[in-house]
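Residue strings, one per chain:
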Amino acid sequence: MTFAVARTRDEAHLYLDLHPCTCGSVDTTWDSGLVSADGGLANRYSGTCETCGRQREYLFGVPDRPVMPSGYPTFGGTEPSQLLDAGEWLWVADLTAGNVPVDDGAEAHRTLSVATAAVEEVVKFIPPGADEVPDDGFWSQRGREVRAAEPGRFQLERLLIVRDTYRDLAARHA
């Protein structure tokens, strides 16, 4: 079995936050490490749900080349995510940008940095020479719903404007 690759720790933790326990809680302290699984290496994240006590475990593929963190957050390299589709990344950007604190400049910078990085992840789904995310960039229910609500938001030009706006706002709080 091949596991979807978590390119970085930040991407793995975001994925885990978006996939709560069956009780609905995301409160889990995760332990992680490399394990042998199905004849190859995988990153194993395991923990106990702090709400219901259920054991949780996820296995992620290991990237061919490690991605060195280059600030916060570092979700991945130049390739698109295998964990979150383009619609989910835009949903993360929207959710994050909608929750920027007004009374804490450092936290506002951090929050807007996440929103910026999430939009950059959407852009990675656009092939060279194309002007929008193709159909195969959407595989989750949430991602398809975000796209269906406003498909024009996945055009390259619009994405770059949103990314640059978030980046500029983050810089004001740096």
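Throughout what follows, the structure given in this document is the object of discussion. Each chain has its residues counted from 1, running along the sequence as written. Whole-chain, interface and lining totals are the exception, using all residues; otherwise, since this is a predicted model, local features are given only for residues with pLDDT of at least 70 and side-chain atom pairs are given and counted only at 80 or more. Water and hydrogen atoms were dropped before computing side-chain values, which therefore reflect all heavy atoms in the structure.

Here we look at the packing of helix α2 (residues 86-97) against helix α3 (residues 105-123)
- Axis angles are defined between N-to-C directions and span 0 to 180 degrees, where every axis is a line fitted to C-alpha atoms and, for a helix, only to the segment in contact. Secondary structure elements are taken from DSSP: a helix is a run of H or I of four residues or more, a strand is a run of E of two residues or more, and numbering for both begins at the N terminus. Contact pair α2 / α3: the axes reach a minimum separation of 8 Å and the direction vectors enclose 160 degrees. The angle between α2 and α3 places the two elements in the roughly antiparallel class. The crossing of α2 and α3 is left-handed. Of the residues in α3, those touching α2 at Ala 86, Trp 89, Leu 90, Val 92, Ala 93, Thr 96 and Ala 97 are Thr 111, Val 114, Ala 115, Ala 118, Val 119, Glu 121 and Val 122.
- Here the nonpolar group is Ala, Val, Leu, Ile, Met, Phe, Trp, Tyr, Cys and Pro; Asp, Glu, Lys and Arg are the charged ones; every other residue, Gly included, is treated as polar. Grouping the constituent residues of the contact of α2 with α3 by class yields eleven nonpolar, two polar and one charged. Working rule for angles: under 35 degrees goes down as roughly parallel, over 145 as roughly antiparallel, 65 to 115 as roughly perpendicular, anything else as oblique. Crossing handedness follows the turn of the near helix against the far one: under a right angle anticlockwise gives a left-handed crossing, and clockwise gives a right-handed one. Note on contacts: a residue pair is in contact if any heavy atoms of the two residues lie within 4.5 Å.

Things to note about the side chain of Thr 74
- Counting through the fold element by element, Thr 74 comes out in the loop between β3 (55-61) and α2.
- Type-normalised accessible area, obtained with a 1.4 Å probe on protein chains alone, sets the label of each residue: buried when under 20%, exposed when over 50%, and partly exposed for intermediate values. You can call Thr 74 buried: its relative accessible area is 6%.
- When near neighbours in sequence (up to four residues on either side) are disregarded, Thr 74 contacts Thr 8, Asp 10, Glu 11, Val 67, Met 68 and Pro 69.

Examining the pairing of strand β2 (residues 40-48)
- Only strands joined by at least two bridges in the DSSP assignment are considered to pair. With seven bridges joining them, strand β1 (residues 31-37) and β2 adopt antiparallel strand pairing. Within the sheet, the bridge partner assigned to Ala 37 lies in β2 and is Gly 40.
- For β2 and β3, the ladder comprises seven bridges, and the chain directions are antiparallel. Its bridge partner lying in β3, Gly 47 is registered against Arg 56.
- Counting the residues that bridge the hairpin from β2 to β3 gives six residues, and of these Gly 53 lies at a positive phi of roughly 85 degrees.

Regarding helix α5 (residues 156-172)
- In this model α5 runs 24 Å from its N-terminal to its C-terminal C-alpha over 17 residues, within 8% of the 24 Å that 1.5 Å per residue would give.
- The set of residues buried in α5 consists of Leu 159, Arg 163, Tyr 166 and Ala 170. All buried residues of α5 lie within an arc of 65 degrees about the axis, which places them on one face of the element. Residues of α5 that are exposed and point over 90 degrees away from its buried face: Glu 157, Ile 161, Ala 171 and Arg 172.
- Looking at the buried residues of α5, the elements they touch are α2 and α3. How far a helix is expected to stretch is found by multiplying one less than its residue total by 1.5 Å. In this description, one arc is meant: the one made by directions from the helix axis to the C-beta atoms.

Remarks on the state of the cysteines
- The term disulfide is used for any two cysteine sulfur atoms that are within 2.5 Å. For the structure on display, the rule yields zero disulfides.
- This cysteine, Cys 21, is not joined by any disulfide, and Cys 52 carries the nearest cysteine sulfur, 3.6 Å off.
- The class for Cys 21 is buried, based on a relative accessible area of 6%.
- Its sulfur unpaired, Cys 49 is 3.6 Å from the next cysteine sulfur, which belongs to Cys 23.

These values are about where atoms sit, not about what they do.
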